[in-house]
Amino acid sequence: MTPPPSDFTRRLRDADKAHLWHPFTQMAEWVAGDPVVIAAGEREFLIDSDGNRYIDGVSSLWCNVHGHRRPEIDEAVRQQLDRIAHSTLLGLASVPSIELAERLVGIAPAGLTRVFYSDAGATAVEIALKMAFQYWKQCATPQPGRTKFVSLTHGYHGDTIGAVSVGGIDLFHGLYRPLLFPTLQAPSPYCYRCPLQMRREDCGMACAAKMEAILAEHAGEVAAVIVEPLVQGAGGMITQPAGYLRRVADACRRHDVLLICDEVATGFGRTGRMFACEHEGVQPDLLCVAKGITGGYLPLAATLATERLYEAFLGDYSQYRTFFHGHTYTGNALACAAGIASLDVFEKDGVLGRIAQLESLLRERLAAVARMPHVGEVRQRGLMVGIELVADRAMRQAYPAAERRGGQVCLAARKRGVWIRPLGDVIVLMPPYCISDESLARLVAAVEQGIAEVTGA
Ligand SMILES: *Cc1c(COP(=O)(O)O)cnc(C)c1O
């Protein structure tokens, strides 16, 4: 369908293959392929160096919220550029970082009043872990024995060493175990492949009971529980049964354990509410946000904390209760300006209402996909979708990983003008909220045709 590449594209591809090392990419395979080189974007479309357009079906790895070249955000960044691009938050305050912090506290679950900025989801998580750890050493009645973290199998919190320590994806994390701090792992609420071999009809949410048991057994040793609320994203778009998060939060309260909600993927409207915690009325002690925070424009993250947590870090300098942590670009002005403009668009355009429309439209379109013979399960929460491919539907048997069926489906979709990236054999859809009804239909059709082509059914 696409014409042969121009000399311009050929030159860029060669230079890319000569010099770049891409994330989460087997480079031996990459250099044998024909990478798409993105040169521009517009709304829900990516445009390559030859002018071909692709629907950005995963919002540029889950972060683009209102589409590319959103005029209001472009303008806010330009205006900020006319003032200053960056100044440090170490010893100085800055206008956009203050204004964005006020706005974030205004929309975050109740009780989160303090904003600590960083640059990536992984750093937002590192910060939450270090704050939780330090909290128990410095709070009014210190409990220095609370040093452990409870995380979930199939969990993903980023790729730095602390974040990997609380990760639960063996393929990504297993090799590094000798470098990591040990954690207590609770079973993921992955109903389609229940780690406890139970059935969702009558399990009584045994995975939540297991979490409760871990907290009871290790009472007084646990600093915090870290979870991705409602959807475990990178683990395979694993949607949690209703009430799971609530039970985990209640157990944390009973055992006086801090709750860290990692909303790096689910935040900013993805699940249909501004934050996923809201669906279950959960108020975490620490909230990590990143991906969507700038509308997908610039790297920025934030760890929000409660007043109780913050107060444990106050004192005379000589008490050394300070949170000794920071990054050079913390609270970058251009990024914060983009973040403010993105929140303005949410309000001005009633974006959460549009997300609700898109959610049901997507659900309707996916009904046919769910019936395909090699689709084991379609999981959807808001505008987060995982389509799990299987070799045998009745036995829920996976394809051999080396066959790369998920990757093949994405290549097949690319021929049809859609760019998506899978998680193994789980096809991920996470469209930007500006997507038209027509593009949404094209996105699902391309995936459906791609699955048919690759699974031969
Ligand atoms: C993507 C992701 C991260 C890591 O964010 P980066 O910005 O890539 O470091 C952390 N947690 C969750 C839930 C994520 O989906």
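Look a little higher up for the structure.
### Observations concerning the overall build of the protein
Consideration 1: When helices and strands are counted, the protein shows 15 helices and 16 strands.
Consideration 2: Relative to the compact-globule value of 23 Å for 457 residues, the protein shows a C-alpha radius of gyration of 22 Å, a close match.
Consideration 3: Buried positions account for 51% of the 457 residues belonging to the protein.
Consideration 4: If you take every contact in the protein between residues at least 6 apart in sequence, the share linking residues at least 24 apart comes to 70%.
Consideration 5: When the accessible surface of the protein is totalled, it reaches about 20000 Å², and 56% of it is carbon and sulfur.
Consideration 6: Positive and negative charge centroids in the protein, built from 46 and 50 side chains respectively, lie 3 Å apart.

### Comments concerning the site of the ligand
Consideration 1: The immediate surroundings of the ligand are formed by Trp-62, Ala-120, Gly-121, Ala-122, Tyr-156, His-157, Gly-158, Glu-228, Asp-262, Val-264, Ala-265 and Lys-291.
Consideration 2: In the model, a nitrogen atom of the ligand is placed 2.7 Å from a nitrogen or oxygen of the Asp-262 side chain.
Consideration 3: A distance of 2.6 Å is found between an oxygen atom of the ligand and a side-chain nitrogen or oxygen belonging to Lys-291.
Consideration 4: For the ligand, whose unbound accessible area comes to 380 Å², protein coverage reaches 82%.
Consideration 5: Of the residues assigned to the shell around the ligand, the class counts are six nonpolar, three polar and three charged.

### Let's talk about the pattern of salt bridges
Consideration 1: By the definition in use, this model includes 30 salt bridges.
Consideration 2: Among the salt bridges present, the one from Arg-43 reaches Glu-44, with a minimum N-O distance of 3.7 Å.
Consideration 3: Assessed through its relative accessible area of 43%, Arg-43 is described here as partly exposed.
Consideration 4: On the basis of relative accessibility, which here comes to 2%, the residue Glu-44 falls in the buried class.

### Examining the sheet that holds strand 6 (residues 184-186)
Consideration 1: Sheet architecture is open: seven strands sit in the order 4-12-11-10-7-5-6, paired in mixed fashion. In the strand order of this sheet, the two ends are held by strand 4 (112-118) and strand 6, each with one partner. Across the sheet, the axes of successive neighbouring strands diverge by a mean angle of 20°, strand direction being ignored.
Consideration 2: Strands in contact with helix 10 (residues 244-254) are strand 5 (148-152), strand 7 (222-227) and strand 10 (258-262); relative to strand 10, the strand with the most contacts, it is inclined by about 150°.

### Structural notes on the nonpolar core
Taken as a class, soluble globular proteins show a tendency for nonpolar side chains to be buried jointly.
Consideration 1: Counting 93 residues, the largest nonpolar core has Val-225, Ile-387 and Ile-420 as the members making the most contacts within it.
Consideration 2: Examining the composition of this core, we find that seven residues originate from one element, helix 15 (residues 437-455), more than from any other.
Consideration 3: Formed jointly, this core draws a minimum of three residues from each of two domains, domain 1 (36-69 + 350-455) and domain 2 (74-348).
Consideration 4: Once you skip the residues sitting within four places of it in the chain, Ile-420 turns out to touch Gly-57, Val-58, Cys-410, Ala-413, Ile-427, Val-428, Leu-429, Leu-443 and Val-447.
Consideration 5: Grouped together as the second largest cluster of nonpolar side chains are 28 residues, Trp-136, Cys-139, Ala-223 and Ala-301 included.

### Overview of the pairing of strand 10
Consideration 1: Burial runs high along strand 10: five of the five residues are buried.
Consideration 2: Burial of the side chains of strand 10 extends over both faces: Leu-258, Ile-260 and Asp-262 are buried on one face and Leu-259 and Cys-261 on the other.
Consideration 3: The pairing of strand 7 with strand 10 spans four bridges and is classified as parallel. Residue pairing across strands places Val-225 opposite Leu-259, the latter belonging to strand 10.
Consideration 4: Where strand 10 meets strand 11 (residues 286-289), three bridges bridge the pair, whose relative direction is parallel. Its bridge partner being in strand 11, Asp-262 is matched across the sheet by Cys-288.

### Observations regarding the layout of surface pockets
Consideration 1: Of the pockets and cavities examined, the second largest pocket occupies roughly 620 Å³.
Consideration 2: Val-115, Phe-116, Tyr-117, Tyr-310 and Phe-323 are, among the 23 residues lining the second largest pocket, the residues nearest its centre.
Consideration 3: Within the residue set of the lining of the second largest pocket, elements represented by two or more residues are helix 5 (95-107), strand 4 and helix 11 (307-311).
Consideration 4: For the lining of the second largest pocket, the class distribution of residues is 16 nonpolar, six polar and one charged.

### Notes on a nonpolar patch on the surface
Consideration 1: On the surface, a nonpolar cluster with roughly 440 Å² of combined accessible area is contributed by Ile-161, Leu-175, Tyr-176 and Leu-179.
Consideration 2: Note on Leu-179: relative accessible area 59%, which makes it exposed.

### A look at the sheet that holds strand 2 (residues 45-48)
Consideration 1: Taking strand neighbours across the sheet as the criterion, the four strands line up as 1-2-3-15 in an open arrangement whose pairing is mixed. Since the sheet does not close on itself, it has two edges, and those belong to strand 1 (38-42) and strand 15 (418-419), each with one partner.
Consideration 2: In this sheet, strand 2 lies alongside strand 1 in antiparallel orientation, the contact comprising four bridges. Within the sheet, the bridge partner assigned to Ala-40 lies in strand 2 and is Ile-47.

### Topic: the side chain of Asp-425
Consideration 1: Within the element layout of this structure, Asp-425 appears in the loop between strand 15 and strand 16 (426-429).
Consideration 2: One buried charged residue, Asp-425, remains without a salt bridge, the closest side chain of opposite sign being Arg-405 at 6.6 Å.
Consideration 3: Here Arg-405 takes part through its backbone nitrogen, which lies 3.4 Å from a polar atom of the side chain of Asp-425.
Consideration 4: For Asp-425, the side chain forms a polar contact with the main-chain nitrogen of Gly-406, separated by 2.9 Å.

Rules used throughout
Residues numbered from 1 in each chain as written. Predicted model: local features only at pLDDT ≥ 70, side-chain atom pairs only at ≥ 80, totals over all residues. Heavy atoms only, no water. Helix = DSSP H or I, 4+ residues; strand = E, 2+ residues; numbered from the N terminus. Rg over C-alpha atoms; globule rule 2.2 N^0.38 Å. Buried < 20%, exposed > 50% of the residue type's maximum accessible area, 1.4 Å probe, protein only. Contact = heavy atoms within 4.5 Å. Areas by Shrake-Rupley, 256 points an atom, 1.4 Å probe, with all protein chains shown as cover. Lys, Arg positive; Asp, Glu negative; His and termini not counted. Charge placed at Lys NZ, Arg CZ, Asp CG, Glu CD. Near = heavy atom within 4 Å. Polar contact = N/O pair within 3.5 Å; in protein donor to acceptor, adjacent residues only side chain to side chain. Nonpolar A, V, L, I, M, F, W, Y, C, P; charged D, E, K, R; others polar. Salt bridge = Lys/Arg side-chain N within 4 Å of Asp/Glu carboxyl O. Pairing = 2+ DSSP bridges. Axes fitted to C-alpha atoms, helices over the stretch in contact; angles between N-to-C directions. Core = buried A, V, L, I, M, F, W, Y, C linked by side-chain atoms within 4.5 Å. Domains from an automatic or database assignment. 1 Å grid on protein atoms, 1.4 Å probe; cavity = no way out; pocket = protein on both sides within 12 Å on 5 of 7 lines; lining within 4 Å. Points joined across faces, edges and corners; volume = space filled by probe spheres on them. Patch = residues over 30% accessible without salt bridge, like charges linked within 9 Å, V, L, I, M, F, W, Y side chains within 5 Å.

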